[in-house]
Amino acid sequence: MSQDFVRRMPYGSSSLQRKSMIGEKLHLDVALILLLVLICSFGLVVLYSAVGRETAPLMSQLVKIGMATLAMLVMAQIAPVFYLRTAPWLYLLGLVMLVLVLFFGYEVNGSARWLRVPGVFTFQPAEIMKLMVPMILAWYFHDRHLPPRPKHLFWACVMIAIPVVLIGVQPDLGTALLIGAAGLLVILLAGISWRYVFAALGLGLMSLPALWFVMRDYQRQRVLTLLNPESDPLGSGWNIIQSKTAIGSGGLFGKGIFQGTQSHLDFLPESQTDFIIAVLAEEWGLIGVVVLLTLYTLLTARGVVMAAQAQDTFGRLLTGSITFTFFVYVFVNIGMVSGILPVVGVPLPLVSYGGTSILTLFAGFGIMMSIHTHRRITL
Amino acid sequence: MTEPLALKNHSGESQIFLERAVLGFGMLIVLTLVLLARMFYLQIVQHDLYATLSDRNRIQVQSVPPIRGLIYDRHGTLIADNVPSYTLTITKERVRDMDATIDQLDAMIGLSDDEIESFKKRLARRQRPLESVPMLLRLTPQEIARVSVNRHLLPGVEVEARLVRHYPLGELMAHAVGSVRRINEEDARSIDTVAYSGTNHLGKIGVERFYEHQLLGKVGYQRVETDARGRVMKALDATPSQPGANLVLHVDAGLQQIASEALQGRRGAVVAIEPATGGILALVSNPSYDPNLFVAGIDATTYAALRDSVDVPLFNRAIQGQYEPGSTLKPFIALAGLVTGTVTPEFSIEDSGSFQLPNSSRLYRDWNWTKQGHGGHGTVNLQKAIYRSCNVYFYSLAVKLGIDRIHENLSLFGFGQNTAIDLPEARDGLLPSRRWKETSRREPWYPGDSVNIGIGQGDILVTPLQLATAVAVIANRGKMLAPKMLKSSNVEIPMAAVLTLPDVDKISPEDWQLVIESMGMVVHRGNMGFGENGTAWAYIGRDVPYRMAGKSGTAQVVGIAQGELYDEDDLTERQRKNAWFVAFAPVEKPTIALAVLVENGGGGSEFGAPIARKVLDYYLRDYQPEVSAMAPAGKPAGSQVRVLAAGPNGAQL
């Protein structure tokens, strides 16, 4: 364990740290925060329209964003070495809670995803895993040889598979797949040989038919609906037909803010949560979509830069995977609403109504800022 | 330092990471472009299409509810039909002010608070926008007229014709076929809302419930163009709905009618089964109710009256009523005795009118026991024990058999389990066993418990359906067929739930013959003198044109203290004994087996047997005896001794 003496040097005296900019002194990243403010503001306007110009849900969302911001600021102050040291314990804690969910989970719509301490709090352990899985893998790889060796790859896959299986049986296939993706992104960034990547891809493609047989009826239905939404226009196809109509009827410039007919006549289901991009596309047109996607791209670009500037393996892998996972959410959500991916319950990051997803995302950005602003020397 | 020192190659690692990150970002740009391309396709290339769909003419999908399958009896008489009914519906989007509209309607046709409240609940459950929600079912012509005249004042309010269930035979078939009910909130959570869109009812009871999936049919839909206010402009295309399966039941409506009339308004049940198929020919439970009441949505007063009636008309006695079988159990105990070798056909006892267990003072009485001590049936072998319904013989047989062998042999006949294929509400009855008593009563099995089981009293409970099923097994000489309602259908219905029941195959043909002959004597053995005739002969046996086998049963409802006599006059009507009669005919080739129960009816032979006779007479009205078929026994004896009541109270236990 003592091989890596360079990184094991005491975490620098304060005199070595660069503290030229005010943002860095407060352990914040100005560019990242600016982009977050822009996206959230845009999102709030769209949400305001989607809820029918009622202020109560808007205020509630503002409060949630405020609380998430607070969490982000706190997490940015904590030194990365703390995350590094506590990662395995946090991961184990998360696993314990996932197991508890299986036995004591609070059921909503037929799947038990929530842990509830009555009167105190209710939360989804799976949500924590969205951060814990990348973190445990970054921890695992940080003092091992990279590119990873097969033995290490195996254990990394086990670390991904345990939470993925636990969440998959809740059942919450969507979240399980997203968490699996977050973990695989770390492995990719760690420099896994392309041979393994292509071999895994090939195996995955071949096992697709097998997957069909283990899927539950409603999951199969979603895939079939994707292939041909008109086959079931009253049932599961309804959402996709309506969201495509909303998007398509928006055109280049949109119908104008608050003017969307699809969403306001209740045609569009889930218009405040998972399908909110359709409201945006209907009212702001392709222009609005391009603006949002540009903001998302800038945000991820900033994340990639922060990852590249990180000084150790842990920081690099964690920052990189949080960034790319963020984009996976964007892609899966918009892909599903526009009808190129099956419907899985993924909210549009930073825009959809709801506090859980925003809290997790902001916590992730807090960790990224912590890693970025606790560097010792500028590269 | 045994391991080689391996330094991490930091610059190499960060180089690899940088490559991967750049590649990943490139991938991210490509995927973003994919999303943009998709949006471009939807918003620019196909904009006109979607703009049309969304903006000027909205395309709406309307469900076309399927026509529920019809139900017929075995001769093609319609039991469950669909008739048009006019429903007042409201489409939320087209109503300017919902409360005002409801007030207007109230003023026009009168709405109860209940109706308004349940309408609002349905409105909240609505699946899609622009879906019409029913407000009031079964409009009268006057109501239709009043609403139609004022339609221009009520945008969004429509009178829709829908087909609803109708039971032309009303009360007669309620317990045999079950019924549909309005879909309530609880149902709405468990059903497939797509399959039921446009459908307001679902099978809730009986055959309607069991075959719900097949009867429902498949929902269709049509796409219609509507204007901005949701008014239908034209239909674009349609996928028609597929009607549900038509069912033909084994039930014979005529037989059902006869059986129902034969009960003469008394509380009770008649179940008749075709032994060759297990098909249920009649399933009567009296009193009954009009299932049509429930289709339209029953009002609270009528429902309360039905629910709270002391006669419980909603209760299906034929399959849910669990009663002590009384002496109708004796043929089964006799078969158990024969097959286990516990008794031989020749074995006989001296019946002095009562039975005592060793070391016990408790007296188990025969039904003709008297305080003076001249009851009993004298020398009794198995045959006489059945046709005279001798209790003492069966007390001692049951004790010799023991509960384990009784349980083992009687469960083969379907006692203690629901063997019915498509009667979801049928109950299990109770066939007691040592283990049952230990777990449910925490007491060991006492020999005294077996004594009572021997004459079908004590802990044993059967439903009329179970008893009819078991009698059909005797009629079949061992072939066990699960009772069922469905005869055929125009679509293939997988009988997934078919119970494959083992036949009763250990009993020898001679033993079957002996017991069946003895049951024949219950009806046909007459003119033999006092105490020698079959118990039912005096009531029904004199002029039967076919040969039938039967057994009466009279089961106590209240306990009688040691040394006391059962005195009908001291008891209220509801404390009187339950009358049973089981039978099958013609004996040489049985085509019908049945069980009759009259609650608090009194003696089984006196009150149960005539009902059974009427049902059999109707069913066998075209019966032609086969060439020189067995002549009814006991005919020539010229004795004119009239045996009226075969005991002090005309009741055989």
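Below is a summary of the structure that appears in this document. Every value quoted in this text rests on a predicted model; they were computed, and no experiment measured them. All residue numbers here refer to positions counted from 1 along the written sequence of the relevant chain. As they are written, the chains are lettered A onward and the ligands numbered 1 onward, keeping that order. Totals for whole chains, interfaces and linings use all residues, but because this is a predicted model, local features are given only for residues with pLDDT of at least 70 and pairs of side-chain atoms are given and counted only at 80 or more. To obtain the side-chain values, all non-hydrogen atoms of the structure were included, while hydrogens and water were left out.

As for the overall build of chain A
Inference 1: A run of H or I in DSSP counts as a helix once it spans at least four residues, and a run of E counts as a strand once it spans at least two, with each numbered from the N terminus. Summing up its helical and strand segments, chain A has 14 helices and 3 strands in all.
Inference 2: For the exposure calls, accessible area comes from a 1.4 Å probe over protein chains only, and a residue counts as buried if that area is under 20% of its type's maximum, exposed if over 50%, partly exposed in between. Every one of the 379 residues in chain A was classed for burial, and the buried ones make up 52%.
Inference 3: The contact definition used throughout considers only heavy atoms, calling two residues in contact when any of these lie within 4.5 Å. Considering only residue pairs separated by 6 or more positions, chain A has 73% of its internal contacts joining residues 24 or more positions apart.
Inference 4: All accessible-area figures derive from a Shrake-Rupley calculation using a 1.4 Å probe, and residue coverage is judged against the displayed protein chains alone. By element, 71% of the accessible surface of chain A is carried by carbon and sulfur atoms, the whole surface being about 16600 Å².

Structural notes on the overall build of chain B
Inference 1: When helices and strands are counted, chain B shows 22 helices and 20 strands.
Inference 2: When burial is assessed residue by residue, chain B has 53% of its 653 residues classed as buried.
Inference 3: Restricting the contact set of chain B to residue pairs at least 6 apart, pairs at least 24 apart contribute 75%.
Inference 4: Counting every atom, chain B has about 28400 Å² of accessible surface; 52% of that belongs to carbon and sulfur.

What about helix α8 (residues 194-214) of chain A?
Inference 1: A helix's residues, less one, multiplied by 1.5 Å, set its expected span. Helix length check: α8 of chain A (21 residues) gives 29 Å between terminal C-alpha atoms against 30 Å at 1.5 Å per residue, within 8%.
Inference 2: Largest kink in α8 of chain A: about 45°, centred on L208 of chain A, with the proline P209 of chain A one to four residues after it. To get the bend at a residue, fit one axis to the 7 residues ending there and another to the 7 starting there, then take the angle between the axes.

Looking at the sheet that holds strand β18 (residues 549-555) of chain B
All names here are of chain B.
Inference 1: Two strands pair under a simple rule: DSSP has to find at least two bridges between them. If you walk across this open sheet you meet the 5 strands as β12-β11-β20-β19-β18, and the pairing is antiparallel. Only two strands of the sheet have a single partner each, and these edge strands are β12 (279-286) and β18. Across the sheet, the mean angle from the axis of one strand to that of its neighbour is 5°, orientation sign disregarded.
Inference 2: Summarising the sheet, strand β11 (residues 268-274) and strand β20 (residues 592-598) pair through 6 bridges and their orientation is antiparallel. Counted as the bridge partner of G268 is V598 from β20.
Inference 3: Every axis in this analysis is a line fitted to C-alpha atoms, fitted for helices over the stretch in contact. Angles between the N-to-C directions lie between 0 and 180 degrees. Helix α10 (residues 253-262) rests against β11, β12 and β20 of the sheet, and its axis sits at about 30° to β12.
Inference 4: Where helix α22 (residues 604-619) meets the sheet, it contacts β11, β12, β18, β19 (578-585) and β20, and its direction lies at approximately 145° from that of β20.

Focus: the pattern of salt bridges
Inference 1: The salt bridge definition used is simple: a Lys or Arg side-chain nitrogen within 4 Å of an Asp or Glu carboxyl oxygen. Here the structure, examined in full by the defined rule, presents 25 salt bridges over all chains.
Inference 2: Between D29 of chain A and R302 of chain A there is a salt bridge, with its nearest N and O atoms 2.4 Å apart. Residue D29 of chain A is located in the loop between α1 (22-25) and α2 (30-50), and its partner R302 of chain A is located in helix α12 (residues 276-309); the two are separated by 273 residues in the primary sequence. Per residue, the accessibility class of D29 of chain A equals that of R302 of chain A, and both read buried.
Inference 3: One salt bridge connects R613 of chain B with D617 of chain B, and the closest N-O pair in it is separated by 3.1 Å. Of this pair, R613 of chain B and D617 of chain B both sit in helix α22, 4 residues apart, roughly one helical turn.
Inference 4: With a relative accessible area of 12%, R613 of chain B lands in the buried category.
Inference 5: With a relative accessible area of 28%, D617 of chain B lands in the partly exposed category.

Remarks on the pairing of strand β13 (residues 348-351) of chain B
All names here are of chain B.
Inference 1: Only one face of β13 is covered, namely the one carrying I349 and D351; the face carrying S348 and E350 has none of its residues buried.
Inference 2: In this sheet, strand β16 (residues 378-381) lies alongside β13 in antiparallel orientation, the contact comprising 4 bridges. Its bridge partner being in β16, I349 is matched across the sheet by V380.

Some points on the packing of aromatic side chains
All names here are of chain B.
Inference 1: Centres within 6.5 Å make a pair out of two Phe, Tyr or Trp rings, where for Trp the six-membered ring is used; the pair is then stacked when the planes are under 30 degrees apart, edge-to-face when over 60, and tilted otherwise. For the structure on display, the rule yields 20 aromatic pairs over all chains.
Inference 2: Ring centres 6.1 Å apart and planes at 85° place the aromatic pair Y323 and W580 in the edge-to-face group. Here the residue Y323 occupies a position in the loop between α13 (317-320) and α14 (330-339), and W580 occupies one in strand β19, the gap between them amounting to 257 residues.
Inference 3: Residue class for Y323 comes out buried when judged on its relative accessible area of 9%.

A word on the nonpolar core
Residues and elements named next belong to chain B.
Inference 1: Among the buried residues, those of types Ala, Val, Leu, Ile, Met, Phe, Trp, Tyr and Cys that are joined through side-chain atoms within 4.5 Å form a nonpolar core. In terms of nonpolar packing, the biggest core is built from 131 residues, with L247, L249, F332, Y393, F413, F415 and M548 touching the most fellow members.
Inference 2: Sort the elements by how many residues they give to this core and helix α16 (residues 391-411) lands first, with 10 residues.
Inference 3: Delimitation of the domains relies on an automatic or database domain assignment. Domain assignment of the residues forming this core places at least three in each of domain 1 (61-247) and domain 2 (316-619).
Inference 4: Here F413 is in contact with F332, L335, A470, V473, I474, M480, V504, I507 and W512, once residues within four sequence places are set aside.

Observations concerning a negative patch on the surface
Residue and element names in this part refer to chain B.
Inference 1: Residues enter patches when they are more than 30% accessible in relative terms and free of salt bridges; like-charged ones are connected within 9 Å and nonpolar ones (Val, Leu, Ile, Met, Phe, Trp, Tyr) within 5 Å. As used throughout, the charge tally considers Lys and Arg to be positive and Asp and Glu to be negative, leaving His and the chain termini uncounted. Here the site of a charge means atom NZ of a Lys, CZ of an Arg, CG of an Asp or CD of a Glu. Among the surface-exposed residues, D97, D103, D106, D113, D114 and E117 lie close enough to one another that they form a single negatively charged patch.
Inference 2: Only α3 (98-109) and α4 (113-125) provide two or more residues apiece to the negative patch.
Inference 3: Of all the elements, α4 adds the most residues to the negative patch, at 3 residues.
Inference 4: Under the relative-accessibility criterion, D97 is labelled partly exposed at 42%.

A word on the packing of α14 of chain B against helix α19 (residues 464-475) of chain B
All names here are of chain B.
Inference 1: Running from amino to carboxyl end, α14 crosses α19 at an angle of 45°, the nearest separation of the two axes being 11 Å. Overall, the two elements α14 and α19 adopt an arrangement that is oblique. By crossing handedness, the relation of α14 to α19 is classed as left-handed. Contacts from P331, F332 and L335 of α14 reach α19 at L467, A470, V471 and I474.
Inference 2: Each residue receives one of three labels: charged for Asp, Glu, Lys and Arg, nonpolar for Ala, Val, Leu, Ile, Met, Phe, Trp, Tyr, Cys and Pro, and polar for the others, Gly being one of them. Broken down by class, the residue content of the contact of α14 with α19 amounts to 7 nonpolar, no polar and no charged. Convention used here: angles under 35 degrees read as roughly parallel, angles over 145 as roughly antiparallel, angles from 65 to 115 as roughly perpendicular, and any remaining angle as oblique. Definitions for this section: a left-handed crossing has its near helix turned counterclockwise from the far helix by less than a right angle. A right-handed crossing has that turn clockwise.

Let's talk about unusual backbone geometry
Trans is the prevailing form of peptide bonds, just as negative phi is the prevailing case for residues other than glycine.
Residues and elements named next belong to chain B.
Inference 1: Put simply, N286 and P287 share a cis peptide bond, and its omega is -5°.
Inference 2: Examined against the element boundaries, P287 turns out to sit in the loop between β12 and α11 (292-296).
Inference 3: The linkage connecting A585 with the following residue, P586, adopts the cis geometry, with an omega of -20°.
Inference 4: Among the structural elements, P586 can be located in the loop between β19 and β20.
Inference 5: Here the phi dihedral of Q264 falls at roughly 50°; this positive angle occurs in a residue that is not glycine.
Inference 6: Relative to the elements of secondary structure, Q264 occurs in the loop between α10 and β11.

Considerations on the packing of helix α5 (residues 125-142) of chain A against helix α13 (residues 313-337) of chain A
Residue and element names in this part refer to chain A.
Inference 1: Running from N to C, α5 and α13 cross one another at 150°; their axes reach a closest spacing of 9 Å. Relative to α13, the element α5 is oriented roughly antiparallel. In this structure, α5 meets α13 at a crossing whose hand is right-handed. Touching K130, L131, P134, M135, A138, W139, F141 and H142 of α5 are T313, F314, L317, L318, S321, I322 and Y329, all from α13.

So, a nonpolar patch on the surface
Residues and elements named next belong to chain A.
Inference 1: Residues V96, V99, L100, L102, F103, F104, V165 and V169 make up a contiguous nonpolar surface patch of roughly 750 Å² in combined accessible area.
Inference 2: Per-element accounting of the nonpolar patch gives the leading share, 6 residues, to helix α4 (residues 80-104).
Inference 3: Secondary-structure assignment places V165 in helix α6 (residues 150-168).

Overview of α3 of chain B
Residues and elements named next belong to chain B.
Inference 1: With 12 residues, α3 extends 16 Å between its outermost C-alpha atoms, agreeing within 8% with the 16 Å of an ideal straight helix rising 1.5 Å per residue.
Inference 2: Along α3, the residues that are buried comprise M98, T101, I102, L105, M108 and I109. All buried residues of α3 lie within an arc of 125° about the axis, which places them on one face of the element. Across from the buried face of α3, at angles greater than 90 degrees, the exposed residues are D103 and A107.
Inference 3: Here the buried face of α3 lies against β3 (78-91), α4, β4 (132-136), α5 (141-149) and β5 (157-166).
Inference 4: Remark: G110 follows α3 within two positions and exhibits a positive phi of approximately 80°. By definition, the arc is the one covered by directions from the helix axis to the C-beta atoms.

A short note on empty space enclosed by the protein
Residues and elements named next belong to chain A.
Inference 1: Throughout, the protein atoms alone are placed on a 1 Å grid, and a set of points is a cavity if a 1.4 Å probe fits but cannot get out or a pocket if it is open with protein on both sides within 12 Å along at least five of seven lines; lining residues have an atom within 4 Å of a point. Grid points are joined across faces, edges and corners, and a volume is the space filled by probe spheres set on the points. One pass over the full model with this rule turns up 7 cavities of 30 Å³ or more.
Inference 2: By volume, the largest cavity is sized at about 200 Å³.
Inference 3: Lining of the largest cavity is provided by 16 residues; of these, K130, T325, Y329, T360 and L361 occupy positions nearest its centre.
Inference 4: Those elements that place two or more of their residues in the lining of the largest cavity are α5, α13 and α14 (355-373).
Inference 5: Looking at the lining of the largest cavity, the element that brings in the most residues is α14, giving 5 residues.
Inference 6: Looking at the lining of the largest cavity residue by residue, the classes come out as 10 nonpolar, 4 polar and 2 charged.

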